[in-house]
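Report on the structure
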Amino acid sequence: MAVLDSIKETVRKRNPHDAEFIQATDEVLLSLELVAQKHPEYVENGIFERIVEPERQIVFRVPWVDDQGKVQVNRGFRVEFNSAIGPYKGGLRFHPSVNLSIIKFLGFEQCFKNALTGLPIGGGKGGSDFDPKGKSDSEVMRFCQSFMTELYRHIGADRDVPAGDIGVGAREIGYLFGQYKRIRNEYSGVLTGKGLTYGGSLARKEATGYGLCYFTQAMLEDHGSSLQGKRVVISGSGNVAIYAAEKCTQLGATVVAMSDSNGYVYDENGIDLAKMKEIKEIRRERIKEYANALPRAQYHEGCKDIWSCVCDIALPCATQNELDEQAAEVLIKNGVMAVCEGANMPCTPQAITVLKRHGILYAPGKASNAGGVATSALEMSQNSQRLSWSFDEVDARLKNIMENIYRTCADTAIAYDDKDNFMLGANIAGFEKIAEAMLAQGIV
Ligand code: NDP
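What this report covers is the structure whose coordinates are included nearby. (Residues numbered from 1 in each chain as written. Predicted model: local features only at pLDDT ≥ 70, side-chain atom pairs only at ≥ 80, totals over all residues. Heavy atoms only, no water.)

A few points about the site of the ligand
- Residues in close proximity to the ligand total 26 residues, the closest being Asp165, Thr208, Ser261, Arg286 and Asn344.
- In this structure, Arg93 approaches the ligand through a side-chain N or O atom, which is 2.9 Å from an oxygen atom.
- One of the side-chain nitrogen or oxygen atoms of Ser261 is found 2.5 Å away from an oxygen atom of the ligand.
- When isolated, the ligand has an accessible area of 880 Å², and the protein chains bury 85% of it.
- Contributing elements (two or more residues each) for the shell around the ligand: α9 (204-222) and α10 (239-250). (Near = heavy atom within 4 Å. Polar contact = N/O pair within 3.5 Å; in protein donor to acceptor, adjacent residues only side chain to side chain. Areas by Shrake-Rupley, 256 points an atom, 1.4 Å probe, with all protein chains shown as cover. Helix = DSSP H or I, 4+ residues; strand = E, 2+ residues; numbered from the N terminus.)

Encoded structure:
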């Protein structure tokens with residue numbers, strides 16, 4: 001029996017309804033089997049048992065009043081997963097699908113991702129089943145104020161620093177920050193992804209998408225290739241997807257398709273990013289409007305089929321489990337050479353198995369999308385120093401961090417005799433950093 005099987009069993013017993021959380025812990029524990037054999041001290045000190053159990057889970061009621069004067073109630077979450085290497089850090093997701101399993105899986109992944117950045121940040125995640133889509137600005141504001149009226153007592157610049165995620169962008173962060181400041185009478189770096197006029201960092205908005213491309217470029221260059229001249233398909237059209245598309249284009253690739261949860265657009269000669277930003281960031285409309293505005297583009301109902309578009313590189317940047325085994329097989333048949341995750345856990349375990357079996361380069365989100373949180377940590381540094389760095393300075397640091405993450409994953413995979421298994425490399429390298437800190441700090 002493998003050393004970590006009993007821990008997988010405990011996770012299942014303790015979290016019987018949490019499919020996403022079990023999926024995420026299973027993947028990591030499988031990668032850590034060799035580490036457990038090599039480091040009996042981790043087993044003796046219960047590091048594996050402790051790392052799969054969040055330090056603290058907070059679930060709360062969020063009541064608010066809609067524009068019709070009707071009382072609405074949502075559920076809020078904050079899972080403070082692991083603080084061994086720094087204050088809890090991780091985004092807030094507002095989406096109707098949010099539940100404790102999703103927040104726990106995201107918080108768990110976040111611990112390893114944050115460790116990989118080399119910066120002093122622990123892991124956490126939060127959110128609500130509130131759906132900002134179709135709500136007025138004042139409804140979103142009232143919701144955010146109510147959410148923060150409970151959350152404020154659990155967070156702080158040196159304790160727990162939330163940021164954005166699906167459904168939480170600049171508008172929501174602004175309302176959340178305003179309410180925190182009002183309740184605490186304190187101006188601090190308690191949230192990241194803030195607006196540039198009140199403590200935000202230049203390049204934070206771009207960071208996850210740009211970082212994904214820096215990682216992808218480093219991986220391709222290490223294999224004698226690059227993004228130059230490649231056809232790229234990107235799912236999603238939110239914060240991560242848009243800036244991944246922008247950096248891909250700057251690096252000489254052509255982004256031919258993007259999506260939202262209703263469907264996808266295909267634009268053979270390359271997505272017009274100014275138009276996409278106008279539709280998605282300013283007008284907050286559906287992606288279908290892109291094809292209505294540009295007759296050369298085609299709109300297809302249903303977002304899953306985006307993976308049938310022929311491409312060299314696929315960047316899933318929407319949500320978890322959006323790229324399954326069947327999609328992986330279609331991508332391979334069409335000649336894909338790399339799949340790099342901008343979203344968290346977008347490829348199902350079966351899809352990853354198929355990609356690996358065919359020798360496709362596969363970059364796991366906890367490594368390839370770490371640029372967002374890394375730049376959030378740079379925002380925290382600037383807030384503490386009461387300084388703001390230039391766009392180029394932040395961008396240069398981001399690029400350097402992503403190249404280092406790539407190198408760490410690649411080298412760790414080689415050290416464990418599994419070259420190009422970046423998932424294994426990411427899981428082990430992230431884990432070892434946290435495990436050493438936990439060992440040093442005793443049983444806490
Ligand atoms: P946004 O809310 O800005 O955009 C999300 C995009 O994904 C939208 O186009 C949305 O379409 C689509 N989408 C969301 N849920 C689904 C679904 N169930 N099925 C199909 N499409 C869906 O979020 P982000 O761009 O910030 O986040 C995208 C992913 O990247 C998430 O997995 C997130 O955890 C991850 N991530 C984000 C970081 C960040 O800095 N923002 C950092 C690291 C990871 P629609 O508008 O129709 O809902």
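Having seen the model, we can carry on.
Digging into the nonpolar core
- Ranked by internal contacts, the top residues of the largest apolar core, which has 59 residues, are Met219, Val232, Ile234, Met258, Leu315 and Ile405.
- With nine residues, α9 is the largest single contributor of residues to this core.
- The next biggest cluster of nonpolar side chains, apart from the first, holds 39 residues, and it includes Phe21, Val28, Leu29 and Leu106. (Core = buried A, V, L, I, M, F, W, Y, C linked by side-chain atoms within 4.5 Å. Buried < 20%, exposed > 50% of the residue type's maximum accessible area, 1.4 Å probe, protein only.)

Re the packing of helix α7 (residues 137-151) against helix α8 (residues 170-184)
- At their nearest, the axes of α7 and α8 sit 8 Å apart, and the two run at 45° to each other. Considering the angle they form, α7 stands oblique to α8. Crossing of α7 over α8 shows right-handed handedness. In this structure, α7 uses Asp137, Val140, Met141, Cys144, Gln145, Phe147, Met148 and Thr149 to contact α8, whose residues at the interface are Arg171, Glu172, Tyr175, Leu176, Gln179, Tyr180 and Ile183. (Axes fitted to C-alpha atoms, helices over the stretch in contact; angles between N-to-C directions. Parallel < 35°, antiparallel > 145°, perpendicular 65-115°, else oblique. Left-handed = near helix turned anticlockwise from the far one by under 90°. Contact = heavy atoms within 4.5 Å.)

Digging into the packing of aromatic side chains
- Scanning the model with the defined rule gives 20 aromatic pairs in all.
- Each ring, one from Phe177 and one from Tyr187, has its centre 5.3 Å from the other, and the planes form 70°; the classification is edge-to-face. Taken as a pair, Phe177 in helix α8 and Tyr187 in the loop between α8 and α9 lie far apart in primary sequence, ten residues in all.
- The partly exposed category is assigned to Tyr187, whose relative accessible area is 48%.
- A ring pair is formed by Tyr210 and Tyr214, whose centres lie 6.4 Å apart and whose planes are at 80°; its orientation type is edge-to-face. On the criterion of helical spacing, the pair formed by Tyr210 and Tyr214 is a turn pair, its members being four residues apart in helix α9. No difference in accessibility class separates Tyr210 from Tyr214, as the two residues are buried.
- Cluster of aromatic residues (ring-pair linked, three or more members): Phe60, Trp64, Phe94, Phe130, Phe143 and Phe147.
- Over the face of the ring belonging to Phe130 we find Lys135, whose NZ or CZ atom lies 5.3 Å from the ring centre.
- One residue, Arg397, lies across the ring of Trp389, its end atom 4.1 Å from the ring centre. (Phe/Tyr/Trp six-rings, centres within 6.5 Å; stacked < 30°, edge-to-face > 60°. Lys NZ or Arg CZ within 6 Å of the ring centre and 35° of its normal.)

Describing α8
- The first and last C-alpha atoms of α8 sit 21 Å apart over 15 residues, in line with the 21 Å expected at 1.5 Å per residue.
- Along α8, the residues classified as buried are Arg171, Glu172, Ile173, Leu176, Phe177, Gln179 and Tyr180.
- Considering only its buried residues, α8 is in contact with β3 (88-94), α7 and β5 (160-163).
- Positive backbone phi, at 50°, marks Asn185, one or two positions downstream of α8. (Expected span 1.5 Å × (residues − 1).)

Points about the pairing of β3
- Burial analysis of β3 places seven of its seven residues in the buried class, the great majority of the element.
- Sheet topology places β3 next to β5; four bridges connect them, and they run parallel. Counted as the bridge partner of Lys89 is Val161 from β5.
- Examined bridge by bridge, β3 and strand β4 (residues 123-128) share three bridges and lie parallel to one another. In the strand pairing of β4, Phe94 is matched with Ser128.
- One crossover worth recording links β3 to the parallel β4 by way of helix α6 (residues 100-116), and it is right-handed. (Pairing = 2+ DSSP bridges. Right-handed = clockwise from strand over helix to strand, strands pointing away.)

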